[in-house]
Amino acid sequence: MMYFDDFQISGDIKKAIKEMGFEAPSPIQEKVIPVILEGGDVIGQAQTGTGKTAAFGIPLLNKVTSAPYVQAIILTPTRELAIQVAGELQKLSKFKRTRTLPIYGGQSIGHQIRALKQGVHVVIGTPGRVLDHLRRKTLKLERVHTVVLDEADEMLDMGFVEDIESILKEVNHERQTLLFSATMPNEIMKLSRKYMNQPKVVSISKGDVTAPSINQVYFKVLEKNKLESLCRIIDSEEIDLGIIFCRTKKGVAELAEALQARGYMADGLHGDLTQMQRDSVMKKFRDSTIEFLIATDVAARGIDVDNVTHVINYDIPQDPESYVHRIGRTGRAGRKGLALTLVTPREMKHLRSIEMEIKMTLPSQEIPTIEDVVEKQQESWKQQVVKIIETNDQPTFFDSIVKDMLSEYPPEKVVNALMNIAFHREFNVEDDSYNFGDTGAAKGMVRFFINVGRNVQLTPKIIVDEIAELVGILPKSIGRIDIFENFTFVEVPEDSAPFVYEALRYSRLNGIRVNLEPAKPRPKREKKF
Ligand code: ADP
Ligand code: MG
């Protein structure tokens, strides 16, 4: 194990690191700091939350002198990240007194120009605003010796590649260029070949792309019950702060509304919000005024809150990179984090492809039952009620209705009903799942009709394999299969029937568009055989 004292860096910086409470370098810091200190270009790859800022910040600050001009520039994808990186560098250089300045769009440019005039050593900025200053000649990069591209994958994703290239052209060729990223898509390698000089690549071993402190599981959910499933999951988890990811802005708005209506402290973050609204939501989240932040991938860029306990993928991420980014919002700074992914039957194949890329299989977990939720919550509900009883300062205006109800109904019934109202749950115990009615299936089974048959070369094996893969059931649990010329019947166990239905309704089998629906009961005479 290494210590910060082992690095060849100034005492001022070591003292600041100690004050920040960092005990030992994180894996990426341990590997990359000595390489950067040697000089030369370096690419550093490690997952979100692994301390990449200090990994480049420490050697960079060690190199900066008190000479009064801009010596280093750090480009970040968002304003939030610029501010955060500036904050971290300021702490690291507390005793060295390096002057750092974040510059980003949305803040008055006049203010930034004045600040730049006062003399700055390190500029941290978003590409657009940095270019703006270069064009106005209010920022000069001739004497910059170090350039950092931070969160490079996100910058490219956001379309900053041309801006970055224009900026790099303004900087002395004799510079040290550092590139940090959580993922390494091809475009990054392209950019590095063009603008970096034989970079050394340091990455935290590919096998563990995801941090070990993040526990990851998935839940198989029905599209139809997704919201209810989410509520059961969050009710049975110990969540301090959670980020819930949705695919679209509309999804964010709808889920935020649905959760608020059910009494959760939740708010949404998406691209249509003004910067002021965005800041206000983020403030509520940081202060823990809200428990859940609901966001799209894009809106979540630059969110960097240390004590997020849960990341919930309400909608499965589009690609492995996005999965890695999302779950990296938890388990930060060595804390434990939990990443939960909801997967509908139609998304099972997509989950498998993500698993291939991240080189791990996610264990699945059962959706908690209502009993689980009540069991989990009862202590907290009881405490809330007891607290009111014991402080004994209840207003008296309910007295007559209380008396009235207790004279008409047994107290258990009354309390039960009030608990239901108070805790926002209409616990309808009956399943709100599908009811396929009589499908003419064997006992305990549901029979489905598929609108193709031998005419598209359908075989029992194709059907069995597809169902087993999408629904995750054993081939032998699938019942009778009858393939006719133009249609097919298949029987599946009752409890997997909803999943089969959602997986295969309007889907493809053997590359052919098919539809599946509950079969009609067999005509009476058929039963005589
Ligand atoms: P990344 O850029 O890799 O996503 P950050 O640089 O934002 O990660 O670091 C995540 C958090 O970890 C920050 O709060 C940072 O202060 C903290 N951190 C960084 N290095 C260490 C360390 N060696 N020990 C403890 N905490 C650290
Ligand atoms: Mg970072």
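Residues numbered from 1 in each chain as written. Chains lettered and ligands numbered in written order. Predicted model: local features only at pLDDT ≥ 70, side-chain atom pairs only at ≥ 80, totals over all residues. Heavy atoms only, no water.

## Brief notes about the overall build of the chain
Within the chain, the regular secondary structure consists of 19 helices and 20 strands. Seen through its C-alpha atoms, the chain measures out along the principal axes to roughly 95 × 75 × 45 Å. Taken across its 529 residues, the chain has 49% of its residues classed as buried. In the chain, once contacts between residues fewer than 6 apart in sequence are set aside, the share between residues at least 24 apart is 75%. Seen as two clouds, the 70 positive and the 73 negative side-chain charges of the chain have centres 5 Å apart. (Helix = DSSP H or I, 4+ residues; strand = E, 2+ residues; numbered from the N terminus. Buried < 20%, exposed > 50% of the residue type's maximum accessible area, 1.4 Å probe, protein only. Contact = heavy atoms within 4.5 Å. Lys, Arg positive; Asp, Glu negative; His and termini not counted. Charge placed at Lys NZ, Arg CZ, Asp CG, Glu CD.)

## Details of the sheet that holds strand β3 (residues 100–103)
Taken together, the 7 strands give an open sheet; going across it, the order is β3-β4-β2-β5-β6-β1-β7, and neighbouring strands pair in parallel fashion. Each edge of the open sheet is held by one strand with a lone partner, namely β3 and β7 (200–203). Strand-to-strand twist across the sheet, computed as the mean angle between neighbouring axes with direction ignored, equals 15 degrees. Inspection of the sheet shows strand β2 (residues 72–75) paired to strand β5 (residues 146–149) by 4 bridges, in the parallel sense. In the sheet register, L75 faces β5, and the bridge partner there is L149. Sheet contacts for helix α9 (residues 186–195): β1 (42–45), β5 and β6 (176–181); angle to β6, the most-contacted strand, approximately 175 degrees. (Pairing = 2+ DSSP bridges. Axes fitted to C-alpha atoms, helices over the stretch in contact; angles between N-to-C directions.)

## Observations regarding the environment of T48
Here T48 is to be found in the loop between β1 and α3 (52–63). Note on T48: relative accessible area 8%, which makes it buried. Once the C-alpha coordinates of T48 and G331 are considered, the two residues, 283 residues apart in sequence, prove to be 9.5 Å apart. What T48 contacts, discounting residues up to four positions off in sequence, is A182, H325, G328, R329 and R332.

## Notes on the packing of aromatic side chains
This model, assessed by the stated rule, comprises 15 aromatic pairs. Seen in terms of ring centroids, F436 and F448 are 5.3 Å apart; in terms of plane orientation they differ by 80 degrees. Their pairing is edge-to-face. Of this pair, F436 sits in the loop between α17 (411–422) and β15 (445–450) while F448 sits in strand β15, and the two are 12 residues apart along the sequence. An aromatic cluster is defined as three or more aromatic residues linked by ring pairs; in this entry it consists of Y434, F436, F448 and Y501. Directly above the aromatic system of F95 lies the positively charged group of K15, at a separation of 4.2 Å from the ring centroid. For the cation-ring pair, K220 lies above F499, with the distance from its terminal atom to the ring centre recorded as 4.9 Å. (Phe/Tyr/Trp six-rings, centres within 6.5 Å; stacked < 30°, edge-to-face > 60°. Lys NZ or Arg CZ within 6 Å of the ring centre and 35° of its normal.)

## Brief notes about the site of ligand 1
Neighbouring ligand 1 are 19 residues; A24, Q29, G49, T53 and D306 lie closest to it. In the model, an oxygen atom of ligand 1 is placed 2.9 Å from a nitrogen or oxygen of the K52 side chain. Side-chain polar atom of T53 to an oxygen atom of ligand 1: 2.6 Å apart, as the coordinates give it. Protein contact buries 85% of the 570 Å² of open area that ligand 1 shows by itself. Along the lines of polarity and charge, the residues of the shell around ligand 1 split into 5 nonpolar, 8 polar and 6 charged. (Near = heavy atom within 4 Å. Polar contact = N/O pair within 3.5 Å; in protein donor to acceptor, adjacent residues only side chain to side chain. Areas by Shrake-Rupley, 256 points an atom, 1.4 Å probe, with all protein chains shown as cover. Nonpolar A, V, L, I, M, F, W, Y, C, P; charged D, E, K, R; others polar.)

## Some remarks on a nonpolar patch on the surface
Together, F397, F398, I401, V402 and L406 make up a nonpolar patch on the protein surface, roughly 520 Å² of accessible area in all. Structurally, the position occupied by I401 is in helix α16 (residues 399–408). Looking at I401, the relative accessible area reads 41%, which means it is partly exposed. (Patch = residues over 30% accessible without salt bridge, like charges linked within 9 Å, V, L, I, M, F, W, Y side chains within 5 Å. Salt bridge = Lys/Arg side-chain N within 4 Å of Asp/Glu carboxyl O.)

## Concerning the UniProt feature "domain: Helicase ATP-binding" (unreviewed entry) in the chain
Here the UniProt feature "domain: Helicase ATP-binding" (unreviewed entry) sits at residues 33–202. Secondary structure across residues 33–202 divides into 44% helix and 17% strand, with the first and last C-alpha atoms of the span separated by 10 Å. (UniProt positions renumbered as here; feature names shortened; annotations may be inferred.)

## Points about the packing of helix α5 (residues 109–117) against helix α6 (residues 127–136)
A pair of packed helices can be characterised by two numbers: the angle between their axes and the separation between those axes. Contact pair α5 / α6: the axes reach a minimum separation of 12 Å and the direction vectors enclose 65 degrees. Taken together, the axis directions place α5 and α6 in an arrangement best described as roughly perpendicular. Where α5 crosses over α6, the handedness of that crossing is right-handed. Seen from α5, the contacting residues are I109, Q112, I113 and L116; seen from α6, they are R129, D132, H133 and R136. (Parallel < 35°, antiparallel > 145°, perpendicular 65-115°, else oblique. Left-handed = near helix turned anticlockwise from the far one by under 90°.)

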